[in-house]
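A look at the structure
Here is how the chains run, residue by residue.
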Amino acid sequence: MINPFTALFSQKRAFYGTFSFYPSTTVLMHVTPQFSEVEKAFLAESGVTKMTTQLPYLLVDNFPKLGLLTACRFLEWVAANPEGVVSLPTGKTPEYFIKWTQFLLENWDTKKGKEVREKYGLGNTKKPSLQELTFVQIDEFYPISSKQHNSFYDYVNKFYLSGFGLSKEKAILINSDEIPLAEGKRFNKIFPDLKVDLSLRFRDPVNELEQLQQTSIYLIDQWCGEYEQRIRAKGGIGFFLGGIGPDGHIAFNTRGSHPYSVTRLTETNFETQAVAAGDLGGIEISANRLVITIGLDTIVYNPNAVGIVIAAGEAKAGIVRDSLESSPTTQYPATILQKLTQGRFYLTRGAAVKLTDSIDAYYSTGTWTFEKTERAVIELCKKKNTYGHRLKLEDLKSDPYCKQIPGLSEDTVNQVIQSISSKISKGLEQEQNEVLLHTGPHHDDISLGILPHITNQLHDPSNEAHFSVLTSGFTAVTNRFVIDTLLLTKKLLDEGKIQMTNYEDFFEVGYSLKTDKDVYHFLTNVASENAAARSRGLCHRVVRALCIVWEIKNKEQLRETINEVLSILKNSYDGEKNPPKIQKLKGMIREFEEELVWAHFGVQVKNVHHLRLGFYTGDIFTEQPDKTRDVEPIVDMLRKIKPTKLSLTLDPEGSGPDTHYKVLQATAAAVKKWSEETDTSKLRIIGYRNVWFKFEPHEANVIVPVSLGDMAVMEDSFANCYLSQVKASFPSYSHNGKFSTVAKRTWVGQLNDIQLLLGKNYFYQHEHAKVRASHGLIFFRDMNVDEFLATARELEKSIEGML
């Protein structure tokens, strides 16, 4: 049987040979792009006056405004192309595109709707009808049932076909349940483990099942070819809107995708799998799931198409820069949009911070600060790979940013060296008689951010330490982990090895007692390296949690409940949202893990506070923090503990208002309210970052040395205590492994940057032993209440304009 996929690409290769990426179509930015009326309005509002990228972009202040821009441009295009072909994205990034589109359609002629339209170029536009549009689904996991709520088929039906009123009859969709397979069988019969081996395209099958699989793969390839032809028969996509992945993928065209690629069944790379892990229930699932995606050539087949990539938040800043400032290359798939005269990037300011244009504007506008001087000098050291003391005045004068430093002189570098050195001195200060409250959005955030600093604080017995995780964190616990733990719990119960259930008062009150004993015994077995006893300790805590959540009254009910939970989880599809009680059980497992970490330093369970804020629901579009539900619990905690130092994650704009952002805003509101009740003039706020974002040296005012011993404590406590996270089921896209390794690499990288400025001898010859022992550095920002609230207010602007 001829494989149409192989034949298609053989023809392409034969035709193009060793291709060069159509240099004649590169958009040169000295030619003014033809912006639409909507785009002109947003461009004028952005204040951008210089654009040196390979592709035009529009800049907005925040995530909701990005949705407004995209919605206005979409409706502008639809009004002019009422029977056009559109392809729209899935995931979290389109949240406000969807909300603003619905708002404008419902309020086209209301006062508010008219105000928005007139301000943003739609004042004279007649309300468009979306009913005659042809919708094209961009991509889908394979295999996955279309009935699953985490399938993209379900997403587009819910938010676009139903939500926008698009025609279901005209839609070109990817329904895995309807793609023909060998002998008319369903995919779970052909691929019983839901794994598709694409090597069968090119090798002989070794058994009957593989023969069916090979035939099915060819049939899927045939279906993909027909899907492509259906799109091209319509003239191609007229309006494409997509997000961008950490590796630069658009649709599921990952790094290295052929510029002439078409709709196909294909594998993904690790970065894409890591991002998809949250949708599919873990990297164990996403790493073995293929995708069907339209190709790069599908996107640009229509030369008159509008092709837009949207990106929000500093997490995307690196790949946005590479995609916009590079000539067409397979390394950055989004550069394919340079083939379209209406190719665009729509960005929040956070997503644009690494663009050369943005960096130029940072230095050339506003008041010059010493932070700018620090940044310019440190970046020059990195660019020239030269130690700070070796930089000459001529080097500074020839650098486009350093030459702007007011009063530039031979002493400029020394001033920066002294400033950084003073930040390290602050990180060496021994704190005493403090009431410490360390907070984090998720379990492990505090440890991954500032554990070595906390270790220093806890060495002094005059300090009182409290820890609080503000969300339940249940989404980070896989069904598989709970199933394995419950099966072991059931076995231990049958063997009589969970003896506490034999006590007369256990199911009345005993289940809620002796939690410190649980923790102590667990850590004793960490010390003795008794893995079986550690697992038994986890099962003890799970039994307590089951009793609390399900209000269990006897052993029989306990066994019935375990069987019930096992049945629910085993019959759930990967990535399915759990019922509330199972969410709570998962959250309590994470809470036990957090108690174990801080017990390393003698912190009792009563000093580890679990707030479980209500906005954290596990839904794709989560709620904003509520004043009563989410802020008051934090205020109550502040009143009871009365901290003198409060730590929290201080991340920049994320990819929209994510959990870290929401926790920060809830905490800021609580601090503000508490400060109205009591004197907080001496309260210090410690803003830290961990594996998702990092401070640059000029952004931090405290630098803490990290020794190999500090790193070992962090790695060991993570591996021994965060039991549900050791397998890294939901990893960072930058590392296929534990988050503790990512944190350690961040600390080492930060040391390398500072060593380049100060010189290595600064460290190994330093008078302080902690500096001599440092092989990593932690950066954080120490603020008073007013400084913190001002910073939080700036971040709050990232959600202004929400509906």
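Since this is a predicted model, take the numbers as computed values, not measurements.

1. Looking at the overall build of the chain
- Each helix and strand in the chain was counted, giving 29 helices and 16 strands.
- The C-alpha atoms of the chain give 28 Å as radius of gyration, which agrees with the globular expectation for 803 residues (28 Å, within 12%).
- Projected onto the principal axes, the alpha-carbon positions of the chain cover approximately 80 × 75 × 60 Å.
- For the chain, with 803 residues in total, the buried portion stands at 59%.
- When contacts within the chain are restricted to residue pairs at least 6 apart in sequence, long-range pairs at least 24 apart make up 79% of them.
- Summed over its atoms, the accessible surface of the chain is roughly 33400 Å², and 49% of this surface lies on carbon and sulfur atoms.
- Taken as two groups, the 92 positive and 97 negative side-chain charges of the chain have centres that lie 1 Å from each other.

2. Here we look at the nonpolar core
- Counting residues in hydrophobic clusters, the biggest one holds 104 residues, and the most contacted among them are F74, F135, Y142, Y160, F345 and L347.
- Looking at this core, the element that brings in the most residues is helix α3 (residues 63–80), giving 10 residues.
- Not counting chain neighbours up to four residues away, the residues in contact with Y142 comprise S176, I179, L181, F187, F191, V196, I220, L265, R289, L290, V291 and I292.
- The next biggest cluster of nonpolar side chains, apart from the first, holds 67 residues, and it includes I454, L538, V702 and A743.

3. Observations concerning the confidence of the model for the chain
- Model confidence for the chain is summarised by a mean pLDDT of 92, while 95% of its residues fall at 70 or above.
- Within the model, pLDDT remains below 50 along residues 1–31, and this stretch shows 53 contacts once partners closer than five positions in the same chain are excluded.

4. So, the pairing of strand β4 (residues 139–142)
- Alternating residues of β4 divide into D139 and F141 and E140 and Y142, and every residue in both groups is buried.
- Bridge analysis of β4 against strand β7 (residues 290–293) gives 4 bridges, and the strand direction is antiparallel. In the strand pairing of β7, Y142 is matched with L290.

5. Overview of the environment of L380
- Tracing the sequence through the fold places L380 in helix α14 (residues 370–384).
- For L380, a relative accessible area of 4% gives the class buried.
- Between the alpha carbons of L380 and D395 there is a distance of 8.5 Å; along the sequence they are 15 residues apart.
- Setting aside chain neighbours within four positions, we find L380 in contact with L391, D395, L396, D399 and C402.

6. Some words on the side chain of D399
- With respect to the element layout, D399 can be found in the loop between α15 (393–398) and α16 (412–428).
- Take D399: its relative accessible area is 4%, and that puts it in the buried class.
- Within polar-contact distance, the side chain of D399 engages the backbone nitrogen of C402 at 2.8 Å.
- Other than its neighbours up to four places away in sequence, D399 contacts L380 and K383.

7. Some thoughts on the packing of aromatic side chains
- If you walk through the whole model with that rule in mind, you get 30 aromatic pairs.
- Relative to Y401, the ring of Y363 has its centre 4.4 Å away and its plane inclined at 20°; by these criteria the two rings are stacked. Of this pair, Y363 sits in helix α13 (residues 356–364) while Y401 is found in the loop between α15 and α16, placing the two residues 38 residues apart along the sequence.
- For the ring pair W598 and F601, a centre distance of 6.2 Å and an interplane angle of 35° mean the geometry is tilted.
- Ring-pair connections join several aromatic residues into one group, and the members of that group are F74, W77, F97, F135, Y155, F159, Y160, F164 and F239.

8. Observations concerning the layout of surface pockets
- Approximately 470 Å³ is the volume attributed to the second largest pocket.
- Around the second largest pocket, the lining is made up of 18 residues, and of these M500, K517, D518, H521 and H540 lie nearest the centre.
- Counting residues per element, the ones that place at least two in the lining of the second largest pocket are α19 (515–527) and α20 (531–550).
- Residues of the lining of the second largest pocket, tallied by class, amount to 6 nonpolar, 6 polar and 6 charged.

9. Topic: helix α23 (residues 627–641)
- For α23, with 15 residues, the first-to-last C-alpha span of 20 Å sits near the 21 Å given by 1.5 Å per residue.
- All of the buried residues along α23 are D630, V631, I634, V635, M637, L638 and I641. In a view along the axis of α23, the buried residues occupy a sector of 155°, so they form one face of it. Pointing more than 90 degrees away from the buried face of α23 are the exposed residues T628 and K640.
- Of the residues that open α23, the one with a side-chain oxygen 3.0 Å from the backbone nitrogen of T628 is D626.
- Looking one or two residues past α23, K642 carries a phi angle of roughly 55°, positive in sign.

10. Regarding the packing of α13 against α14
- One way to put it is that α13 packs onto α14 with a least axis distance of 10 Å and a crossing angle of 135°. In terms of their interaxial angle, α13 and α14 are classed as oblique. Along its contact with α13, which presents I359, Y362 and Y363, the element α14 presents E371, K372, R375 and A376.
- Across the contact of α13 with α14, the residue classes break down as 4 nonpolar, no polar and 3 charged.

11. Quick notes on the side chain of E39
- Position of E39 among the secondary structure elements: in helix α2 (residues 37–46).
- E39 gets classed as buried once you look at its relative accessible area, which sits at 2%.
- Side-chain polar atoms of E39 contact the side chain of R344, separated by 3.2 Å.
- Not counting chain neighbours up to four residues away, the residues in contact with E39 comprise Q34, L58, R73, R344 and Y346.

12. With respect to the pattern of salt bridges
- Tallied over the entire structure, the rule returns 49 salt bridges.
- Notably, a salt bridge pairs K170 with E132, separated by 3.8 Å at the nearest N-O pair. Of this pair, K170 sits in the loop between α6 (152–162) and α7 (187–190) while E132 sits in the loop between α5 (111–119) and β3 (134–135), and the two are 38 residues apart along the sequence.
- Between K423 and E374 there is a salt bridge whose closest N-O contact spans 2.9 Å. With a gap of 49 residues between them, K423 in helix α16 and E374 in helix α14 connect regions that are remote in the sequence.

13. Some points on the environment of E594
- Looking at the element boundaries, E594 is found in helix α22 (residues 580–599).
- Expressed as a C-alpha distance, the spacing of E594 and G440, which sit 154 residues apart in the sequence, is 11 Å.
- Every residue in contact with E594, bar those within four places of it in the chain, is listed here: H443, D444, I446, V469, V608 and Y722.

14. Quick look at the sheet that holds strand β12 (residues 608–610)
- With respect to topology, 7 strands assemble into an open sheet ordered β12-β11-β10-β13-β14-β16-β15, the strand pairing being mixed. Edge positions in the sheet fall to β12 and β15 (702–707), since each has one partner strand and no second. For this sheet the average axis-to-axis angle between neighbouring strands, irrespective of direction, equals 25°.
- The strands touched by helix α25 (residues 708–721) are β15 and β16 (774–784); relative to β15, the strand with the most contacts, the crossing angle is about 80°.

15. Comments concerning empty space enclosed by the protein
- Summed over all chains, the structure comprises 3 cavities of 30 Å³ or more.
- In this structure, the largest cavity encloses a volume near 90 Å³.
- Around the largest cavity, the lining comprises 14 residues; the ones closest to its centre are R689, N690, T746, W747 and Q750.
- Looking at the lining of the largest cavity, the elements that each hand over two or more residues are α17 (445–458), α26 (739–758) and β16.
- Per-element accounting of the lining of the largest cavity gives the leading share, 4 residues, to α26.
- For the lining of the largest cavity, a count of residues per class yields 8 nonpolar, 4 polar and 2 charged.

Here is what the cut-offs are and how they apply
Residues numbered from 1 in each chain as written. Predicted model: local features only at pLDDT ≥ 70, side-chain atom pairs only at ≥ 80, totals over all residues. Heavy atoms only, no water. Helix = DSSP H or I, 4+ residues; strand = E, 2+ residues; numbered from the N terminus. Rg over C-alpha atoms; globule rule 2.2 N^0.38 Å. Buried < 20%, exposed > 50% of the residue type's maximum accessible area, 1.4 Å probe, protein only. Contact = heavy atoms within 4.5 Å. Areas by Shrake-Rupley, 256 points an atom, 1.4 Å probe, with all protein chains shown as cover. Lys, Arg positive; Asp, Glu negative; His and termini not counted. Charge placed at Lys NZ, Arg CZ, Asp CG, Glu CD. Core = buried A, V, L, I, M, F, W, Y, C linked by side-chain atoms within 4.5 Å. pLDDT = per-residue confidence, 0-100. Pairing = 2+ DSSP bridges. Polar contact = N/O pair within 3.5 Å; in protein donor to acceptor, adjacent residues only side chain to side chain. Phe/Tyr/Trp six-rings, centres within 6.5 Å; stacked < 30°, edge-to-face > 60°. 1 Å grid on protein atoms, 1.4 Å probe; cavity = no way out; pocket = protein on both sides within 12 Å on 5 of 7 lines; lining within 4 Å. Points joined across faces, edges and corners; volume = space filled by probe spheres on them. Nonpolar A, V, L, I, M, F, W, Y, C, P; charged D, E, K, R; others polar. Expected span 1.5 Å × (residues − 1). Arc of directions from axis to C-beta. Axes fitted to C-alpha atoms, helices over the stretch in contact; angles between N-to-C directions. Parallel < 35°, antiparallel > 145°, perpendicular 65-115°, else oblique. Salt bridge = Lys/Arg side-chain N within 4 Å of Asp/Glu carboxyl O.

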